[in-house]
Amino acid sequence: MPAPGRDAKILMTFPVTGSSHLLAEARARGQYGTLAKVLATMAPADVTKEVGASGLQGRGGAAFPTGRKWSVVRYDDGQPHYLCANADEGEPGTFKDRWILENTPHQLIESMLISAYALQVRHAFVYMRGEFAGPYRRLQAALDEAYAAGLVGENILGSGFSCDIIVYRGAGSYVCGEASALITSIEGKRGYPRNRPPRLTVKGLYQRPTVINNVETLANVAWIMEHGAAAFKAIGCPKAPGTRLISISGHIARPGVYEIEYGYSWKKLIHDDCGGMLEGAELKCVIPGGISTKVLTAAEIDQLALDPAEVEPAGSSMGSGGMVAIAEGTCMVRLLQVMLRFYHHESCGQCTPCREGMGWLHRIIDRIVAGQGRAADLDQMLLISRLQDGNTICGMGDAAGFATIGILAKYRHEFEHWIGTGRSMFEGNLECRRSS
Ligand SMILES: Cc1cc2nc3c(=O)[nH]c(=O)nc-3n(C[C@H](O)[C@H](O)[C@H](O)COP(=O)(O)O)c2cc1C
Ligand code: SF4
């Protein structure tokens with residue numbers, strides 16, 4: 001069971017028991033009471049207003065204000081609207097949505113129903129990555145229980161509001177987590193991202209207004225409606241209210257999912273809550289929010305709180321909440337090689353800078369590792385990364401560039417050593433061999 005971060009206010013996590021995913025236990029914790037209250041007493045527009053006032057921001061990576069996204073949808077235009085929970089969770093290092101799906105699926109279902117009511121959605125979807133067999137079984141079983149209890153489907157709790165929730169399983173493509181690719185995939189086509197405008201809230205699934213939110217974003221909604229926007233805003237930081245689920249992995253003594261309040265000390269999370277580094281190793285650096293966010297050194301994170309207002313000026317972002325702690329002695333050349341292999345493999349190939357750029361970056365780093373690096377290689381990698389930034393349909397082109405620029409800016413000497421000597425600075429180190 002993941003331990004919540006010390007001092008954190010708890011919105012999401014709770015002691016996990018063998019039955020905490022079941023409807024009876026969810027109801028004993030008070031779940032679905034907020035749904036009943038909202039359906040009986042609130043107008044849809046008031047729900048959107050409350051979510052907007054809470055300052056809730058997207059937890060999928062871009063931190064877009066949720067209320068602002070919802071407010072674009074004209075919920076009373078008589079047209080079908082759609083809501084999709086993004087449960088693709090493909091960003092390497094990120095596994096916090098999985099925690100929600102497995103341990104508290106009713107928190108997501110109740111929150112989705114409240115959100116669907118605000119947007120007047122008749123059919124809502126959960127788009128789940130293909131590899132999530134266990135989370136799928138848990139969520140589907142929870143939905144079956146909720147349907148049987150009259151909490152989902154026709155005339156929910158006798159309110160006159162009807163909403164079905166459909167779980168759609170992807171086939172394991174990273175790019176299908178991107179919102180427009182996700183929609184295309186649900187429509188049964190190849191999961192290609194598409195250019196905007198039009199925005200998805202104007203023309204999304206089946207050409208209708210569609211809201212796509214991350215699982216964790218949506219799971220906050222029931223709490224906000226139960227306790228009020230002001231209570232939510234009182235937690236965390238002025239520009240980033242609420243708590244955050246951080247999934248932490250890497251060379252850390254106690255990896256897992258931790259719920260922290262925005263503004264929590266980074267040092268405390270790693271060294272106290274997570275028990276520090278494995279086998280007493282020193283921390284070298286941290287990838288803060290999925291591999292698409294720029295690496296921060298141990299010295300940098302010592303000075304920072306887990307607050308976007310501090311992390312962004314330091315040149316990175318809290319991204320998807322997928323943190324990877326890396327120990328001293330780890331070879332950053334090998335690490336970047338693994339990342340570039342991933343990006344190259346996952347590029348959908350529509351945009352030339354991404355399709356070709358990923359291939360070039362991957363081939364250059366493979367050549368460096370094979371001992372045939374050239375002096376000009378590093379500047380060439382930086383140039384390719386910069387050319388990808390902002391020149392592609394979706395954010396994946398930018399992401400690979402961020403990872404490369406971030407690592408080269410801080411660990412260029414490790415690459416120069418490999419090019420100069422034909423071998424890693426850390427040859428013989430276990431981690432250097434492991435990532436090959
Ligand atoms: C290549 C790529 C992959 C993405 N994968 C995910 C994902 O697995 N889960 C997710 O919630 N958002 C992912 N996103 C972000 C989504 O496009 C979208 O911004 C997000 O689901 C919106 O939800 P939010 O506003 O609640 O954060 C991805 C974006 C890109 C460019
Ligand atoms: S940036 Fe890459 S993954 Fe995204 S649409 Fe273009 S080619 Fe596909």
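Residues numbered from 1 in each chain as written. Chains lettered and ligands numbered in written order. Predicted model: local features only at pLDDT ≥ 70, side-chain atom pairs only at ≥ 80, totals over all residues.

Engineer: Residue-level account of the overall build of the chain, with values.
Structural biologist: A count of helical and extended segments in the chain gives 19 helices and 11 strands. Expected size for 436 residues packed as a compact globule is a radius of gyration near 22 Å; at 22 Å, the chain falls within 12% of this value. Expressed along its principal axes, the backbone C-alpha trace of the chain runs to roughly 75 × 45 × 35 Å. Split into buried and exposed, the 436 residues of the chain put 52% on the buried side. Long-range contacts, defined as pairs at least 24 residues apart, comprise 72% of the intrachain contacts of the chain with a sequence gap of at least 6. (Helix = DSSP H or I, 4+ residues; strand = E, 2+ residues; numbered from the N terminus. Rg over C-alpha atoms; globule rule 2.2 N^0.38 Å. Buried ≥ 20, exposed ≤ 12 C-beta atoms within 10 Å, placed from the backbone. Contact = placed C-beta atoms within 7 Å.)

Engineer: Quick rundown of the domain arrangement of the chain? Include the residues and the values.
Structural biologist: The domain architecture assigned to the chain consists of domain 1 (23-233), domain 2 (243-325) and domain 3 (332-434). Each residue belonging to the side of domain 2 that touches domain 3 can be placed in one class, and the counts come to 2 nonpolar, 3 polar and 1 charged. (Domains from an automatic or database assignment. Nonpolar A, V, L, I, M, F, W, Y, C, P; charged D, E, K, R; others polar.)

Engineer: Kindly report on helix α15 (residues 332-346), identifying the contributing residues and their values.
Structural biologist: Its 15 residues give α15 an end-to-end C-alpha distance of 21 Å, which sits within 8% of 21 Å, the value for a rise of 1.5 Å per residue. Restricting attention to buried positions, one finds in α15 the residues M332, V333, R334, L335, L336, Q337, M339, L340, Y343 and H344. (Expected span 1.5 Å × (residues − 1).)

Engineer: Give me the sheet that holds strand β2 (residues 123-128): which residues, what numbers.
Structural biologist: With parallel pairing, the 4 strands of this open sheet are ordered in space as β3-β2-β1-β4. Edge positions in the open sheet fall to β3 (164-169) and β4 (210-214), since each of these has one partner strand only. Averaged over all adjacent pairs, the angle separating strand axes in this sheet is 20°, with direction ignored. Alignment of strand β1 (residues 82-87) against β4, held across 5 bridges, turns out to be parallel. Note that in β4 the partner of C84 across the bridge is I212. Contacts from helix α6 (residues 105-119) reach β1, β2, β3 and β4, with the element oriented near 150° to β1. (Pairing = 2+ DSSP bridges. Axes fitted to C-alpha atoms, helices over the stretch in contact; angles between N-to-C directions.)

Engineer: An account of the nonpolar core is requested, with residue identities and associated values reported.
Structural biologist: M112, L113, I114 and A325 are the most contacted members of the largest nonpolar core, which totals 127 residues. Once you skip the residues sitting within four places of it in the chain, M112 turns out to touch L83, A85, A124, I165 and L218. (Core = buried A, V, L, I, M, F, W, Y, C linked by C-beta atoms within 7 Å.)

Engineer: Which residues make up the sheet that holds strand β10 (residues 296-297), and what are the values?
Structural biologist: Judged by pairing direction, the sheet is mixed, and its 5 strands sit side by side in the order β8-β7-β11-β9-β10 without closing on themselves. Only two strands of the sheet have a single neighbouring strand rather than two, namely β8 (256-261) and β10. Sheet topology note: the strand β7 (residues 243-250)/β8 ladder contains 6 bridges and is antiparallel. Within β8, the residue paired with L245 across the bridge is E259. This element, helix α5 (residues 96-103), spans β7 and β8 of the sheet and lies at about 110° to β7.

Engineer: An account of the site of ligand 1 is needed here, citing residue identities and associated values.
Structural biologist: G58, G60, G177, N214 and T217 are the nearest of the 23 residues found near ligand 1. Tallied by class, the residues present in the shell around ligand 1 amount to 8 nonpolar, 10 polar and 5 charged. (Near = placed C-beta within 6 Å.)

Engineer: So what's going on with the packing of helix α16 (residues 352-372) against helix α18 (residues 396-421)? Residues and values would help.
Structural biologist: Taken N-terminus to C-terminus, the directions of α16 and α18 make an angle of 20°; their axes are 12 Å apart at the nearest point. Taken together, the axes of α16 and α18 are roughly parallel relative to one another. When the axes of α16 and α18 are compared, the crossing they make is left-handed. When α16 is examined against α18, the residues P353, C354, G357, M358, L361 and I368 are found in contact with a partner set consisting of M396, G397, A400, T404, F415, W418 and I419. By residue class, the composition of the contact of α16 with α18 is 10 nonpolar, 3 polar and no charged. (Parallel < 35°, antiparallel > 145°, perpendicular 65-115°, else oblique. Left-handed = near helix turned anticlockwise from the far one by under 90°.)

Engineer: Account for unusual backbone geometry, with residues named and values stated.
Structural biologist: Trans peptide bonds make up the majority, and among non-glycine residues the majority have a negative phi. In this model, R196 is joined to P197 through a cis peptide bond whose omega is -5°. Phi at Y32 takes a positive value of approximately 80°, unusual for a residue other than glycine. Along the polypeptide, Y32 turns up in the loop between α1 (23-28) and α2 (33-41). Given 21 C-beta atoms within 10 Å, Y32 falls into the buried group. Of note, the phi angle at Q207 is positive, near 65°, even though the residue is not glycine. Examined against the element boundaries, Q207 turns out to sit in the loop between α8 (179-186) and β4.

Engineer: Explain the site of ligand 2 residue by residue, including any values.
Structural biologist: Looking at ligand 2, there are 14 residues lining it, with C348, C351, C354, T392 and C394 nearest. Mapped onto the shell around ligand 2, the elements with two or more residues apiece are α16 and α18. Of the residues in the shell around ligand 2, the class split is 8 nonpolar, 5 polar and 1 charged.

Engineer: Please provide a residue-by-residue account of the pairing of β3, values included.
Structural biologist: Of the strand pairs in this sheet, β2 and β3 are connected by 6 bridges, and their pairing is parallel. Each bridged residue has a counterpart across the sheet, and for A124 the counterpart in β3 is I165. In this view, the connection linking β2 to its parallel neighbour β3 by way of helix α7 (residues 133-148) has right-handed handedness. (Right-handed = clockwise from strand over helix to strand, strands pointing away.)

Engineer: Help me get a handle on the packing of α5 against α7, residues and values and all.
Structural biologist: Following both chains from N to C, one finds α5 and α7 inclined at 40°, their axes separated by 7 Å at the closest point. Comparing their axes, α7 and α5 come out oblique. Between α5 and α7 the crossing geometry is left-handed. Between α5 and α7, the residues in contact are R98, L101 and E102 and G134, P135, R138 and L139, respectively. Taken together, the residues that form the contact of α5 with α7 break down as 3 nonpolar, 1 polar and 3 charged.

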